[in-house]
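Residues per chain, in single letters:
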Amino acid sequence: MTATAEASAPPAPPRRFAPANVARYAIAVAGLAASLVLGIFVHAPTVWGLLPVVLYAVLSLSGMHLLLATACALLSGILLDHRAPAAVGDLLGKSLGDTVTLIGVIVVLGGALGEVLRVTGAADVLVRGVLRLVRGNSRIGLQLGVMAASLVLVFALGTLAGALAIAAPIVIPVVARAGFTRSATASMLFLGGCSGLALAPFAGSNIAILDAAKVGYGTYLLVAAGPLAVLSILLSLFVVPRVQRRSAARGDDFYPPELVDQTTDAPHGRRATVVFAVALVAAVAYATISGSGTSFPLVALPVLAVVTAAAGGLSVRDTVAALVRGGGRLFETFLMFWLLAAFFAMVNELKPYDVLLEKFGPMLHDMPALPFAAGVAMLGWLGVPGATAAHVVLLNKVFGPLGASIGLTPAAWAVTYLWGSKADTYGPFPNANMMSVLGFAESTRLKTLLGVGWLVLVPAALLYLAILTVLL
């Protein structure tokens, strides 16, 4: 066969029965079979409710498609609970209004806004402006710029998904042109955004910490949120270049050429950019002043898209087409978050964490202050992701009076509650915040992002242990 014929030959079809795929599906089938059998003998509350969580983590980390892994984990919980079909329908219906599903909607709206910015030329104008600002020949400068933008927006809005929905469409073309991979971009957005979330004065979980610990924002910033933000930024100088080198070496993690090379020739691009910037500042200012939460982007993102489209001279037909095209590209992400919300609700109904608290909680009563605080923080870390404010309230109700009698100070409680409510954002299992970052960065490498979380988690644990030692 000639070289020309070889070059024109169609690519070999994917190996559906590759050993890795067979292993993934075997694990899924075994987990579902175990859930079906155990469901006959166990009833909530049961520690076996952790089985769907472990199955979800194993399938996700093994490389299974995230939507399919989520569906398998949800089905595992349903089988453990022996739910009737009608009850499953009720679960899915209620999950549509869950905060986790809301994040999926925000991801879709963010994609719609991004497409409007691209079509009107506003994204291109912003790209050139950011490149000039950070001197695009400096990768570290660009990395820190992306992280700073994510941090500031999350800080202002108090929601990771809503802020990154605005930031991602702007920064992705910038980092794509600079040669960053999807995994490296996800790492930047994750580390910068999570730092902003820890600092955000209006985030629900942070408000819950301030109320439960009885501390002011300044103390919370000094002993709890500030150290985590500084540590994340410093570690990013090592972590992001490492992720970039490894993902670039694989060669299949770069953004598509149409995104890297996009130079939209729009006559009203500058006007659209100015209107978008003014509307964005107004939206952030309103969210900051009013203390709006995760639901605010449901209004802000469509309004930003519509006013930008109008300023860019798009017709109603073209605007609708851009919104559908941009949002439709991420519809699969919405489905994943919907199932994820149902999965979290299912695990919560099985109440495995109640069993853990009942079994290990009494052991904390006779502990000195430092081991007590560390134990409470670790128990909080075991909570289901996506309900951080609820974790703080639960920990305060269960352990607050005992901690006060042992001698925990308000500052020590702030550290304890922060770790107990936010550590699961970084690991050890996947969570909704990781999924949203992957969606915005258009990345599918969950294992890489989870590794980034672990690289922050270990030094952060040591840092907070040292802080608690000083405070107690």
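Computed from a predicted structure; not experimentally measured.

Rules used throughout
Residues numbered from 1 in each chain as written. Predicted model: local features only at pLDDT ≥ 70, side-chain atom pairs only at ≥ 80, totals over all residues. Heavy atoms only, no water. Helix = DSSP H or I, 4+ residues; strand = E, 2+ residues; numbered from the N terminus. Buried < 20%, exposed > 50% of the residue type's maximum accessible area, 1.4 Å probe, protein only. Contact = heavy atoms within 4.5 Å. Areas by Shrake-Rupley, 256 points an atom, 1.4 Å probe, with all protein chains shown as cover. Expected span 1.5 Å × (residues − 1). Patch = residues over 30% accessible without salt bridge, like charges linked within 9 Å, V, L, I, M, F, W, Y side chains within 5 Å. Salt bridge = Lys/Arg side-chain N within 4 Å of Asp/Glu carboxyl O. Phe/Tyr/Trp six-rings, centres within 6.5 Å; stacked < 30°, edge-to-face > 60°. Polar contact = N/O pair within 3.5 Å; in protein donor to acceptor, adjacent residues only side chain to side chain. Core = buried A, V, L, I, M, F, W, Y, C linked by side-chain atoms within 4.5 Å. Axes fitted to C-alpha atoms, helices over the stretch in contact; angles between N-to-C directions. Parallel < 35°, antiparallel > 145°, perpendicular 65-115°, else oblique. Left-handed = near helix turned anticlockwise from the far one by under 90°. pLDDT = per-residue confidence, 0-100.

Caption draft 1: The overall build of the chain, seen in detail. Counting secondary structure elements, the chain contains 23 helices and zero strands. When burial is assessed residue by residue, the chain has 51% of its 472 residues classed as buried. Put simply, 84% of the contacts in the chain that link residues at least 6 apart link residues at least 24 apart. When the accessible surface of the chain is totalled, it reaches about 20,400 Å², and 70% of it is carbon and sulfur.

Caption draft 2: Fine view of helix 6 (residues 99-120). The end-to-end C-alpha distance of helix 6, which contains 22 residues, comes to 31 Å, matching closely the 32 Å that a straight helix rising 1.5 Å per residue would cover. Within helix 6, 17 of the 22 residues are buried, leaving the element largely enclosed by the surrounding structure.

Caption draft 3: Structural context of unusual backbone geometry. Residues Ala44 and Pro45 are joined by a peptide bond in cis, for which omega reads -5 degrees. For Pro45, the location among the structural elements is in the loop between helix 2 (19-41) and helix 3 (51-61). Its identity as a non-glycine residue notwithstanding, His82 has a phi of 50 degrees, on the positive side. Tracing the chain through its elements places His82 in the loop between helix 4 (66-81) and helix 5 (85-95).

Caption draft 4: A nonpolar patch on the surface, seen in detail. A cluster of nonpolar side chains, contributed by Ile140, Leu144, Val230, Ile233, Leu234 and Leu237, occupies part of the molecular surface with about 480 Å² of accessible area. Residue assignment for the nonpolar patch shows that the elements contributing at least two residues are helix 8 (139-157) and helix 12 (217-250). At four residues, helix 12 tops the list of elements feeding residues into the nonpolar patch. Secondary-structure assignment places Val230 in helix 12.

Caption draft 5: Molecular detail of the packing of aromatic side chains. On inspection of all chains with the given rule, the structure shows eight aromatic pairs. Considering the side-chain rings of Tyr56 and Phe343, the 5.3 Å spacing of their centres and the 55 degrees angle between planes classify their relative orientation as tilted. Taken together, the positions of Tyr56 in helix 3 and Phe343 in helix 17 (residues 331-350) put the pair 287 residues apart, joining distant regions of the chain. For the pair formed by Tyr56 and Phe343, the shared burial category is buried. For the ring pair Trp419 and Tyr464, a centre distance of 6.0 Å and an interplane angle of 65 degrees mean the geometry is edge-to-face. Residue Trp419 is located in helix 21 (residues 410-422), and its partner Tyr464 is located in helix 23 (residues 446-471); the two are separated by 45 residues in the primary sequence.

Caption draft 6: The arrangement of the side chain of Thr181 in detail. Mapped onto the secondary structure, Thr181 falls in the loop between helix 9 (160-177) and helix 10 (182-199). Assessed through its relative accessible area of 0%, Thr181 is described here as buried. There is a polar contact of 3.2 Å between the side chain of Thr181 and the backbone nitrogen of Ala184. In contact with Thr181, other than residues within four places in its own chain, are Gln244, Ser247, Ala248, Asp253, Phe254 and Tyr255.

Caption draft 7: Up close: the side chain of Ser195. Note on placement: Ser195 falls in helix 10. Setting aside its immediate chain neighbours within four residues, Ser195 contacts Leu151, Ala229, Ser232 and Tyr426.

Caption draft 8: Representation of the environment of Ile140 in the model. Tracing the backbone shows Ile140 in helix 8. In this structure Ile140 comes out as partly exposed when scored by relative accessible area, which is 39%. Put simply, Ile140 and Pro241 are 101 residues apart on the chain and 8.6 Å apart in space, counted from C-alpha to C-alpha. Those residues within four positions of Ile140 in sequence are excluded, and the remaining contacts are Leu237 and Pro241.

Caption draft 9: Geometry of the nonpolar core. The biggest cluster of nonpolar side chains holds 134 residues, and the ones touching the most others in it are Phe190, Phe337, Leu340, Phe343 and Met435. If one sorts the elements of this core by residue count, helix 9 sits on top with 14 residues. The contact partners of Phe190, leaving out residues within four places of it in the chain, are Thr425, Tyr426, Met434, Val437, Leu449, Val452 and Gly453. With six residues, the next largest nonpolar core counts Leu55, Leu59, Met64 and Cys72 among its residues.

Caption draft 10: Layout of the packing of helix 21 against helix 23. Where helix 21 contacts helix 23, the axes come no closer than 9 Å and their chain directions differ by 160 degrees. If you check the angle between helix 21 and helix 23, you find them roughly antiparallel. Pair helix 21 / helix 23 crosses with left-handed handedness. For the pair formed by helix 21 and helix 23, the contact residues are Ala411, Ala412, Val415, Thr416, Leu418 and Trp419 on the first element and Leu457, Ala460, Ala461, Tyr464, Ile467, Leu468 and Leu471 on the second.

Caption draft 11: Main features of the confidence of the model for the chain. For the chain, mean pLDDT is 81; residues scoring 70 or higher make up 85% of the total. No element of the chain has a lower mean pLDDT than helix 1 (residues 3-8), at 34, and none a higher one than helix 10, at 92. Between residues 1-14, whose pLDDT stays under 50, and residues either more than four places distant or in other chains, the model counts one contact.

Caption draft 12: Structural context of the environment of Leu298. Structurally, Leu298 can be placed in helix 15 (residues 297-311). On the basis of relative accessible area, Leu298 is assigned to the partly exposed category, the value being 30%. Along the primary structure Leu298 and Ile106 are separated by 192 residues, whereas in three dimensions their C-alpha atoms are 6.5 Å apart.

Caption draft 13: A look at the packing of helix 4 against helix 17. Where helix 4 meets helix 17, the closest approach of the two axes is 9 Å, and the angle between their N-to-C directions is 25 degrees. If you check the angle between helix 4 and helix 17, you find them roughly parallel. Crossing of helix 4 against helix 17: the hand is left-handed. Note on element contacts: helix 17 touches helix 4 through Glu332, Leu335, Met336, Leu339, Leu340, Ala342, Phe343, Met346, Glu349 and Leu350, opposite Leu66, Leu67, Thr70, Ala71, Ala73, Leu74, Gly77, Ile78, Leu80 and Asp81.

Caption draft 14: Focus on the pattern of salt bridges. This model, assessed by the stated rule, comprises five salt bridges. Notably, a salt bridge pairs Arg83 with Asp81, separated by 3.0 Å at the nearest N-O pair. Taking relative accessible area as the criterion, Arg83 reaches 21% and is therefore assigned partly exposed. A salt bridge links Glu115 to Arg325; its shortest N-O distance comes to 2.8 Å. Of the two residues, Glu115 is situated in helix 6 and Arg325 in helix 16 (residues 316-328); the sequence distance between them amounts to 210 residues. Residue class for Arg325 comes out partly exposed when judged on its relative accessible area of 43%. Where salt bridges share partners, they join Asp81, Arg83 and Glu349 into one cluster.

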